[in-house]
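Chain by chain, the residues:
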Amino acid sequence: MAHKLALIGFGTVGQGLAEILRAKADTLREGVGFEAQIVAVSDLLKGAVYHSDGLDIARLLEVIQTTGKLDAYPDLPGLERGWDSFRTIRESNADTVVEVSFTDINTGQPAIDHCRAAFESGKNVVMSNKGPVALAYAELSALAEEKGVRWCFEGTVLSGTPALRMPLTTLAGNDINEIRGIFNGTTNYILTQMEEETEYEDALRQAQKLGYAEADPSADVEGYDALGKIVILANVIMNAPLRKEDVPCQGISRLTMRDVMAAKAEGKRWKLIGRVRKDGEKVTARVGPEKVPWSDPLAGVMGAMNAITYVCDLAGPVTLVGAGAGRLETGYALLIDLINIERGTI
Ligand SMILES: NC(=O)c1ccc[n+]([C@@H]2O[C@H](COP(=O)([O-])OP(=O)(O)OC[C@H]3O[C@@H](n4cnc5c(N)ncnc54)[C@H](OP(=O)(O)O)[C@@H]3O)[C@@H](O)[C@H]2O)c1
């Protein structure tokens, strides 16, 4: 039977998932044994549609891409319009809520309440929104467990690159005593450009032009985006109830092209590094610029790519390099969460 989905938010990532489900429906059904049906989409400004028998994904994409709204989705008997996020979560017949609204890294809302409402209604949640995982991991994972539902969020760290599932599954049995990585593509792109003799401000403008950086770039360049991911890793992989207030955080906005060139002359590269370390029972973390020697795999990660190294007691250091963002990459992160829910695996 098809896995029924309600999408909360229908921006870049929500549409990315819908595109994947449309394009790969046959491969997923035949190759993976996974079949999904979108029964509801509820977006703040783009509108909302719900049909308990499922929506036509191709039509959803066509109307959103041609009109920017869901109003032109064709009327059918049984079609409901205008349900807000909470009504959709509580009253739709979805098995799983796909929470892809915007991230508020200070309050986590309304996404934290979306998760609570879904779990209380007996629905799983998959999400790429960092807020709830960074701010309310303990509470929400306990609630999901109590209600017997699943909560998956692979896309919150390194989008479709399996930064969370790999240590939990493939590296199981190791003690992971340190995790360090490049968690923000915008800042890595800026630092890469600065090594090509571009001043910080010009490199930032280029990043904005390419769509890597927001008009207000502070979440990226001041390190707050990386901070959210480090807090998630500490909680989920190291089982330590770290809060973002516990983690010193500095961005790259004070680095100059001269600093970058001086490091290059020393055989090193400035990178915005997030790290979390376990010493006995004590877990500490920080985010800040570090001069990384070229011999470190993280030093070779250029442009908007991300990377993460797990320092394992048995397997040694294992580094994963991949995209940290993107429409299809993050849509894929949601898909792999859904496939694992369907399979009953982590
Ligand atoms: N894009 C990436 O590569 C990427 C990578 C990793 C993680 N993420 C995370 O994934 C999530 C989605 O990202 P995105 O790029 O798709 O963002 P986006 O393009 O801005 O889309 C977010 C959508 O959520 C809608 N929304 C906001 N609040 C809502 C609410 N209360 N109820 C219903 N809909 C609401 C917005 O509606 P309106 O615009 O109509 O107001 C918008 O359409 C974010 O949390 C982001 O941080 C994104």
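Predicted, not measured: the structure shown is a model, and the values here were computed from it. (Residues numbered from 1 in each chain as written. Predicted model: local features only at pLDDT ≥ 70, side-chain atom pairs only at ≥ 80, totals over all residues. Heavy atoms only, no water.)

Trainee: Explain the layout of surface pockets residue by residue, including any values.
Mentor: A probe as big as a water molecule, rolled over the atoms, marks out the empty space that is left. Taken as a whole, the largest pocket holds about 1200 Å³ of empty space. Lining of the largest pocket is provided by 41 residues; of these, Thr103, Lys130, Glu214, Asp225 and Ala325 occupy positions nearest its centre. It is helix H11 (residues 224–236) that contributes the most residues to the lining of the largest pocket, four residues altogether. Residue contributions to the lining of the largest pocket reach at least three from each of two domains, namely domain 1 (3–159 + 327–343) and domain 2 (165–322). Each pocket or cavity is described by its volume, and for the second largest pocket that value is around 410 Å³. Lining the second largest pocket are 17 residues, and of these Tyr137, Arg150, Trp151, Cys152 and Phe153 lie nearest its centre. Elements supplying a minimum of two residues to the lining of the second largest pocket: helix H6 (130–147), strand S7 (151–152) and helix H7 (165–168). With five residues, the single largest contributor to the lining of the second largest pocket is H6. Grouping the amino acids of the lining of the second largest pocket by side-chain chemistry returns eleven nonpolar, one polar and five charged. (1 Å grid on protein atoms, 1.4 Å probe; cavity = no way out; pocket = protein on both sides within 12 Å on 5 of 7 lines; lining within 4 Å. Points joined across faces, edges and corners; volume = space filled by probe spheres on them. Helix = DSSP H or I, 4+ residues; strand = E, 2+ residues; numbered from the N terminus. Domains from an automatic or database assignment. Nonpolar A, V, L, I, M, F, W, Y, C, P; charged D, E, K, R; others polar.)

Trainee: Help me get a handle on the side chain of Asp220, residues and values and all.
Mentor: Tracing the backbone shows Asp220 in helix H10 (residues 218–221). Here Asp220 occupies a buried position and makes no salt bridge, while the nearest side chain of opposite charge, Lys229, is found at 6.6 Å. Here Asn184 takes part through its side chain, which lies 2.7 Å from a polar atom of the side chain of Asp220. Within polar-contact distance, the side chain of Asp220 engages the side chain of Thr186 at 3.2 Å. Residues contacting Asp220, with those up to four places away along its chain left out, are Asn184, Thr186, Thr187, Tyr212, Ala213, Asp225 and Leu272. (Buried < 20%, exposed > 50% of the residue type's maximum accessible area, 1.4 Å probe, protein only. Lys, Arg positive; Asp, Glu negative; His and termini not counted. Salt bridge = Lys/Arg side-chain N within 4 Å of Asp/Glu carboxyl O. Polar contact = N/O pair within 3.5 Å; in protein donor to acceptor, adjacent residues only side chain to side chain. Contact = heavy atoms within 4.5 Å.)

Trainee: Any chance you could break down the site of the ligand for me, citing the residues and the numbers?
Mentor: Around the ligand sit 25 residues, and of these Asp43, Lys46, Thr103, Ser128 and Gly326 come closest. Take Val13: an N or O atom from its main chain is 2.8 Å from an oxygen atom of the ligand. With respect to the ligand, the side chain of Ser128 contributes an N or O atom lying 2.7 Å from an oxygen atom. Here the ligand loses 78% of its free accessible area of 880 Å² to cover by the protein chains. Using a 2 Å cut-off from the grid points, one finds that the ligand occupies the largest pocket. Across the shell around the ligand, the residue classes tally to nine nonpolar, 13 polar and three charged. (Near = heavy atom within 4 Å. Areas by Shrake-Rupley, 256 points an atom, 1.4 Å probe, with all protein chains shown as cover. Sits in = over half its atoms within 2 Å of the grid points.)

Trainee: Describe H11, listing the residues and the values that go with them.
Mentor: Between its first and last C-alpha atoms H11 spans 18 Å; for 13 residues at 1.5 Å apiece the expected length is 18 Å, and the two agree. When you tally the buried positions in H11, you get twelve out of 13 residues, the bulk of the element. The set of residues buried in H11 consists of Asp225, Ala226, Leu227, Gly228, Lys229, Ile230, Val231, Ile232, Leu233, Ala234, Asn235 and Val236. (Expected span 1.5 Å × (residues − 1).)

Trainee: Help me get a handle on the domain arrangement of the chain, residues and values and all.
Mentor: Annotation of the chain at the domain level lists domain 1 (3–159 + 327–343) and domain 2 (165–322). Centre-to-centre, using C-alpha coordinates, domain 1 lies 29 Å away from domain 2. Listed by partner, the interface residues are 16 residues for domain 1 and 15 residues for domain 2. For the pair domain 1 and domain 2, the summed buried surface comes to about 1300 Å²; carbon and sulfur atoms form 67% of the total. The largest contributions to the domain 1 side of the interface with domain 2 come from Tyr137, Val157 and Leu158, which together make up 40% of the buried area. (Buried area = accessible area lost by both parts, 1.4 Å probe.)

Trainee: Lay out the environment of Val98 with the relevant residues and their values.
Mentor: By the secondary structure assignment, Val98 is in strand S5 (residues 96–99). You can call Val98 buried: its relative accessible area is 0%. Considered as a pair, Val98 and Asp279 are 181 residues apart in the sequence and their alpha carbons are 36 Å apart. Ignoring sequence-local partners within four residues, the contact set of Val98 consists of Leu5, Ala6, Leu7, Ile8, Leu17, Val126 and Leu334.

Trainee: Describe in detail the pairing of strand S12 (residues 316–322), supporting the description with residues and values.
Mentor: When strand S11 (residues 306–312) meets S12, the two strands line up antiparallel, connected through seven bridges. What sits directly across from Ala307, in S12, is Val321. The turn joining S11 and S12, which pair antiparallel and follow one another in sequence, is formed by three residues. (Pairing = 2+ DSSP bridges.)

Trainee: Lay out the pattern of salt bridges with the relevant residues and their values.
Mentor: Counted under the stated rule, the structure contains 26 salt bridges. Residue Asp337 pairs with Arg165 through a salt bridge whose shortest N-O separation is 2.8 Å. Of the two residues, Asp337 sits in helix H13 (residues 327–343) while Arg165 sits in helix H7, which places them 172 residues apart along the sequence. Given a relative accessible area of 0%, Asp337 falls into the buried group. In this structure Arg165 comes out as buried when scored by relative accessible area, which is 12%.

Trainee: Describe the nonpolar core, listing the residues and the values that go with them.
Mentor: Phe119, Trp151, Ile179, Ile190, Leu233, Ile308 and Tyr310 are the most contacted members of the largest nonpolar core, which has 68 residues in total. With eight residues, the single largest contributor to this core is H11. Beyond its immediate chain neighbours, meaning those up to four positions away, Leu233 contacts Val157, Ala163, Leu164, Ile179, Phe183, Met238 and Ile308. Among the nonpolar cores identified, the runner-up in size contains 31 residues, and Leu5, Leu28, Leu55 and Leu335 belong to it. (Core = buried A, V, L, I, M, F, W, Y, C linked by side-chain atoms within 4.5 Å.)

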